[in-house]
Protein chains: 2
Amino acid sequence: MTEQVKTKMIGGQSMLFWDPPWIAAAASVVGKKEGEGPLGSFFDAISEDPMFGGRSWEDAESRMVKAAAELAIGKAGLLKEQVRYLVGGDLLGQLIATSFGVEALSIPTFGVYGACSTMGESLGLASALIDGGFADVALAVTSSHFAGAEKQFRFPLAYGNQRPLAASWTVTGSGAVLLKKERTGLNSQTVQEGEYGVRVTGMTPGRIVDFGVKDSMNMGACMAPAACDTIAANLRDLKEEPSYYDRIITGDLGYVGQEILLDLLKEKGYDIKKQHLDCGILIYDREVQDTHSGGSGCGCSAVTLAGYILRQLKQGKWKRVLFVPTGALLSTVSFNEGCPVPGIAHAVMLEAG
Amino acid sequence: MTEQVKTKMIGGQSMLFWDPPWIAAAASVVGKKEGEGPLGSFFDAISEDPMFGGRSWEDAESRMVKAAAELAIGKAGLLKEQVRYLVGGDLLGQLIATSFGVEALSIPTFGVYGACSTMGESLGLASALIDGGFADVALAVTSSHFAGAEKQFRFPLAYGNQRPLAASWTVTGSGAVLLKKERTGLNSQTVQEGEYGVRVTGMTPGRIVDFGVKDSMNMGACMAPAACDTIAANLRDLKEEPSYYDRIITGDLGYVGQEILLDLLKEKGYDIKKQHLDCGILIYDREVQDTHSGGSGCGCSAVTLAGYILRQLKQGKWKRVLFVPTGALLSTVSFNEGCPVPGIAHAVMLEAG
């Protein structure tokens, strides 16, 4: 057993999977604004109704979660009874979007919270549960809703406050990723000719990094140091250079956070400029959509992964991706009490094969 | 590998560990009221100051979390740098008690939320990470604070509202459990003569169970159906009778919830009356301490486990315990919007050996 531990525990902080789980399906459900953005054509479902047929913003988000989860299970040709565990979370206090969204599925559920890094945490833990032999099928699902998040963290929409340029726009969307122990294609029962299956090969769980930034309207600056810490840990643990990955994709640093991340990593001797993308930058058209620093929220990295990133891997355009959702660990209570906003980032290693 | 999966996945919902992790240390830090209760002598630290030297209720809770975590690490004779992963959470929105409490430890952290069931979720996931080969040392820590929870979920303390008899009293306390891959005694480097080591042998993660109960002042009734679902799943998956365990210990059902649980399980053909204990009932003296239905909160099951339950196992008074923290999945938003209060319960199998 000692040998097993030595091989799965890599460096100071990372885990490598022996029998990397396969991504059997991924689903994305988004709002109108996300559907109009540059990635619009990649999403499975775009709702014209911001309420998604629900009776409150929270209910709307729960409905997105349920739709994304059911769509992913269906795409994999499975029944919900065949999903052994669900790992998921959202931004709302006490994870109500997730719990009310998934309760009807009746799948044993691990609720997790890593702010906007939650898809990294969910996907990594679900993969570890499969690689560890505890599950054959597991589902990772996260979400956010612009209106619910504004209500939770900032101002009521009706207040119509001005937004500083460093602020990001919370993505309305839910992404679900279904993992299987057995080899499978993405969104098809088998790996098709000329396409690749996608596996989760490892994870670097993040530490909480606190640079003392107190501006909740500048999440990018709060999260960039955490992204730097986790990406550097991953490369150090693996003894690899940034070029090991075709892309290193952070969650929602936005334009402001991206610049800080590139600078901080350079100080550590890593230049990831060629590899770096950010879901928050990818998802909106900055000029046309008036989204300032970019998109954010648990849904931002989740739908970009489910809709866009996994497709690039499936089509062989990228071979290896380090997916690094980033989270800002604040609540209105901590913020109003004058606490800083620490960040966390969880990195998940994806590989086409 | 197929054989491995078949053995670690038990029945429909449970996981059994092949090489069950050992509990190397456990620590409990509580408030004055808990120190005055029947379990007072079992706790490591009792603070006369409800603020724990902090400047807000949230800060107070973070200080408890940090103290409990550091104490557990110290008892195991380890440095924080030797703890590979931390799994933990609390009741406050966006888990601020945990994140501000553990950030100085700089341990890669998985934030989890299962309301008051969070210690079951944390302990189970930390154990799975070790048994899966992803960590050699992991820490599970959860907390709650009476004043912080009242502020979060009910009324400001200064309001002085009356509490119905079915209401529970949120425990001020934080419990931390340090897990190791290698055989070890509890709170001593080796298993002492005449004592036992304690292992985590498996877990049954819970499903979300919603009976439509809407009374946030009667958590016991909201959580009992979930406890029943998880306990029945554990016994069914293991093909065992309740007598397989010396004790089946729920988290914080209290007097009201206990009665409902015993009735519901009887309907399923399981009589656990002889085995059942509840941390919420154990922790306070109902008559003297005016705590109505009993204690509750993420800290309730955590400190009862760390202080009392593990000691009984170590001393050989009990051989096998099913530890089943129970959570009520509500927020003030969901409650005020008229949503019901679903429950969840995560069961962790403990064994002296």
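**Quick notes on the overall build of chain A**
Looking only at helices and strands, chain A has 12 helices and 17 strands in total. Considered along the principal axes of its C-alpha atoms, chain A spans approximately 55 × 50 × 35 Å. Going through the 353 residues of chain A one by one, you find that 68% of them count as buried. Across chain A, every contact between residues at least 6 apart in sequence was considered, and the portion connecting residues at least 24 apart equals 78%. When the accessible surface of chain A is summed, it comes to about 11500 Å², and 50% of that surface belongs to carbon and sulfur atoms. The distance from the centre of the 32 positive side-chain charges to the centre of the 39 negative ones in chain A is 4 Å.

**Considerations on the relation of the copies chain A and chain B**
With an RMSD of 0.0 Å, the fit of chain A onto chain B corresponds to turning through 180 degrees and sliding 0.0 Å along the axis. Here the transformation between the copies is reduced to the relation of a two-fold axis. Most of the interface of chain A is mirrored in chain B, where 100% of its interface residues are also at the interface.

**A word on the interface of chain A and chain B**
With 68 residues of chain A in contact, the opposing surface of chain B contributes 68 residues. Summed over the three residues of chain A that lose the most area to chain B, namely Arg84, Gln94 and Phe134 of chain A, the buried surface amounts to 14% of that side. A salt bridge links Glu337 of chain B to Lys151 of chain A; the nearest nitrogen and oxygen atoms lie 3.2 Å apart. Connecting chain A to chain B are 28 residue pairs in polar contact (both at pLDDT 80 or more). Listed by contribution, the elements that provide at least two residues to the side of chain A that touches chain B are α1 (2-8), β1 (9-10), β2 (14-16), α4 (96-102), β6 (109-111), α5 (118-131), α6 (146-153) and α12 (332-336) of chain A. Here the side of chain A that touches chain B takes 5 residues from α5 of chain A, the largest share from any one element.

**Thoughts on the pattern of salt bridges**
Side chains that carry opposite charge are capable of pairing whenever their charged atoms lie near each other. Residues and elements named next belong to chain B. Applying the stated criterion across every chain yields a total of 30 salt bridges over all chains. Residues Asp19 and Lys181 are paired through a salt bridge, measuring 2.9 Å at the closest nitrogen-oxygen approach. Pair noted here: Asp19 is in the loop between β2 (14-16) and β3 (22-31) and Lys181 is in the loop between β9 (173-180) and β10 (198-204), with a separation of 162 residues, a long-range link. The shortest N-O distance in the salt bridge between Lys80 and Glu81 comes to 3.2 Å.

**Some details on the environment of His276 of chain A**
All names here are of chain A. Inspection of the secondary structure puts His276 in strand β12 (residues 276-278). Since its relative accessible area comes to 6%, His276 is described here as buried. Placed 29 residues apart in sequence, His276 and Arg247 show a C-alpha to C-alpha distance of 5.9 Å. Those residues within four positions of His276 in sequence are excluded, and the remaining contacts are Ile248, Thr250, Gln258, Leu261 and Leu262.

**What to know about the pairing of strand β7 (residues 137-144) of chain A**
All names here are of chain A. The element β7 is extensively covered by neighbouring structure, given that 8 of its 8 residues are classed as buried. What you see with β7 is no split at all: Val137, Leu139, Val141 and Ser143 on one side and Ala138, Ala140, Thr142 and Ser144 on the other are buried throughout. Relative to β7, strand β5 (residues 85-90) runs parallel, the two sharing 6 bridges. Paired with Asp90 across the strands is Ser143, a residue of β7. Alignment of β7 against strand β9 (residues 173-180), held across 8 bridges, turns out to be antiparallel. Bridged to Ser144 within β9 is Gly173.

**Points about the side chain of Ser56 of chain B**
For Ser56 of chain B, the location among the structural elements is in the loop between β4 (45-47) and α3 (57-75). You can call Ser56 of chain B buried: its relative accessible area is 10%. Those residues within four positions of Ser56 of chain B in sequence are excluded, and the remaining contacts are Glu337 of chain A together with Met51 of chain B.

**A closer look at the state of the cysteines**
Put plainly, a disulfide is one covalent bond tying together the sulfur atoms of two cysteines. All names here are of chain B. Per the counting criterion, the structure on display carries 0 disulfides over all chains. Here Cys228 stays unpaired: no disulfide links it, and the sulfur of Cys222, its closest cysteine neighbor, is 15 Å away. Looking at Cys228, the relative accessible area reads 3%, which means it is buried.

**Considerations on α3 of chain B**
Residue and element names in this part refer to chain B. Along its 19 residues, α3 runs 27 Å from first to last C-alpha, staying within 8% of the 27 Å computed at 1.5 Å per residue. Of all the positions in α3, only Glu58, Asp59, Ala60, Glu61, Ser62, Met64, Val65, Ala68, Ala69, Ala72 and Ile73 are classed as buried. Immediately beyond the C-terminal end of α3, within one or two residues, lies Gly77, with a positive phi of roughly 70 degrees.

**Considerations on helix α5 (residues 118-131) of chain B**
The end-to-end C-alpha separation of α5 of chain B is 20 Å, in line with the 20 Å expected for 14 residues at 1.5 Å each. Counting buried positions along α5 of chain B gives 14 out of 14 residues, so the element sits mostly inside the fold.

**Side note on the confidence of the model for chain A**
Residues and elements named next belong to chain A. Overall, the prediction assigns chain A a mean pLDDT of 95, with 98% of residues at 70 or greater. The low-confidence segment residues 1-5 (pLDDT under 50) makes 7 contacts with residues lying over four places distant or belonging to another chain. For this predicted complex, the interface confidence reaches an ipTM of 0.97, while the overall pTM sits at 0.97.

**Brief notes about the environment of Ala138 of chain B**
Residue and element names in this part refer to chain B. Considering the arrangement of structural elements, one finds Ala138 in strand β7 (residues 137-144). Between the C-alpha atoms of Ala138 and Ala27, which are 111 residues apart in sequence, the distance is 14 Å. Once you skip the residues sitting within four places of it in the chain, Ala138 turns out to touch Val83, Tyr85, Ala126, Ile130, Val177, Leu178 and Leu179.

**Structural notes on the pairing of strand β17 (residues 347-352) of chain B**
Residue and element names in this part refer to chain B. Among the 6 residues that make up β17, 6 are buried, leaving the element largely enclosed by the rest of the structure. Going residue by residue along β17, you find Ala347, Met349 and Glu351 tucked away on one face and Val348, Leu350 and Ala352 tucked away on the opposite face as well. Bridging between β10 and β17 involves 6 bridges; their strand directions are antiparallel. Residue Val200 lies in a different strand from β17, and its bridge partner there is Leu350. Pairing between strand β14 (residues 320-324) and β17: 4 bridges, direction antiparallel. Each bridged residue has a counterpart across the sheet, and for Leu322 the counterpart in β17 is Met349.

Scoring rules and cut-offs
Residues numbered from 1 in each chain as written. Chains lettered and ligands numbered in written order. Predicted model: local features only at pLDDT ≥ 70, side-chain atom pairs only at ≥ 80, totals over all residues. Heavy atoms only, no water. Helix = DSSP H or I, 4+ residues; strand = E, 2+ residues; numbered from the N terminus. Buried < 20%, exposed > 50% of the residue type's maximum accessible area, 1.4 Å probe, protein only. Contact = heavy atoms within 4.5 Å. Areas by Shrake-Rupley, 256 points an atom, 1.4 Å probe, with all protein chains shown as cover. Lys, Arg positive; Asp, Glu negative; His and termini not counted. Charge placed at Lys NZ, Arg CZ, Asp CG, Glu CD. Least-squares fit on C-alpha atoms with pLDDT ≥ 70 in both. Buried area = accessible area lost by both parts, 1.4 Å probe. Salt bridge = Lys/Arg side-chain N within 4 Å of Asp/Glu carboxyl O. Polar contact = N/O pair within 3.5 Å; in protein donor to acceptor, adjacent residues only side chain to side chain. Pairing = 2+ DSSP bridges. Disulfide = S-S within 2.5 Å. Expected span 1.5 Å × (residues − 1). pLDDT = per-residue confidence, 0-100.

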